[in-house]
Amino acid sequence: MATYVLAEAADSYRVVFSLAELDPGIIDSEVMVADTMDGAPLGDKLGPFFRLVAPHEKRPARWVRMLKSLTVVRATVR
């Protein structure tokens, strides 16, 4: 449980999801990477390429527009 995913946007906005939050065997939720909305390509404000969406969260604070990268990181123990 010491692994997490760092999602970073082109505007340097960054959010973190623990790996457990992304595992449907542990939590009944979903996080998705979208390239369209309502069947149309994302516009420049939301895309232009990808958007990370966590639709079951009460607030969209960890939604990432202009998604640039997803990095899996293993936390180090000191």
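The preceding data block contains the structure.
Residues numbered from 1 in each chain as written. Predicted model: local features only at pLDDT ≥ 70, side-chain atom pairs only at ≥ 80, totals over all residues. Heavy atoms only, no water.

*Asks:* Talk me through the pairing of strand S2 (residues 14–18); I want residue IDs and the actual numbers.
*Replies:* The side-chain alternation of S2 yields one buried face, formed by Val-15 and Phe-17, and one unburied face, formed by Arg-14, Val-16 and Ser-18. Sheet analysis places strand S1 (residues 3–9) next to S2, joined by five bridges and oriented antiparallel. Its bridge partner being in S2, Tyr-4 is matched across the sheet by Ser-18. From the end of S1 to the start of S2, which pair antiparallel, there are four residues, and Ser-12 there has a positive phi angle of about 75°. (Buried < 20%, exposed > 50% of the residue type's maximum accessible area, 1.4 Å probe, protein only. Helix = DSSP H or I, 4+ residues; strand = E, 2+ residues; numbered from the N terminus. Pairing = 2+ DSSP bridges.)

*Asks:* I'd like to hear about the pattern of salt bridges, residue by residue, with values.
*Replies:* Applying the stated criterion across every chain, the model contains four salt bridges. Note that Arg-62 is salt-bridged to Glu-21, the shortest N-O span being 2.8 Å. With Arg-62 in the loop between strand S6 (51–53) and strand S7 (67–74) and Glu-21 in the loop between S2 and strand S3 (32–34), this pair connects stretches of sequence that are 41 residues apart. Residue Glu-21 is classed as partly exposed on the basis of its relative accessible area, which comes to 27%. Note that Glu-57 is salt-bridged to Arg-62, the shortest N-O span being 2.3 Å. Overlapping salt bridges bring together Glu-21, Glu-57 and Arg-62 as one network. (Salt bridge = Lys/Arg side-chain N within 4 Å of Asp/Glu carboxyl O.)

*Asks:* Explain the environment of Glu-30 to me, using residue names and the numbers behind them.
*Replies:* Within the element layout of this structure, Glu-30 appears in the loop between S2 and S3. Glu-30 sits in the partly exposed class, given a relative accessible area of 39%. For the pair Glu-30 and Ala-20, spaced ten residues apart in sequence, the C-alpha separation works out to 11 Å. When neighbours within four sequence positions are excluded, Glu-30 is seen to be in contact with Val-53, Ala-54, Pro-55 and His-56. (Contact = heavy atoms within 4.5 Å.)

*Asks:* Please give an account of the side chain of Thr-3 that cites residues and values.
*Replies:* For Thr-3, the position within the fold is in strand S1. One polar contact links Thr-3 to Arg-74, side chain to side chain, over a distance of 3.2 Å. In this structure Thr-3 touches Ser-18, Leu-19, Val-72, Val-73 and Arg-74, once residues within four positions along its chain are discounted. (Polar contact = N/O pair within 3.5 Å; in protein donor to acceptor, adjacent residues only side chain to side chain.)

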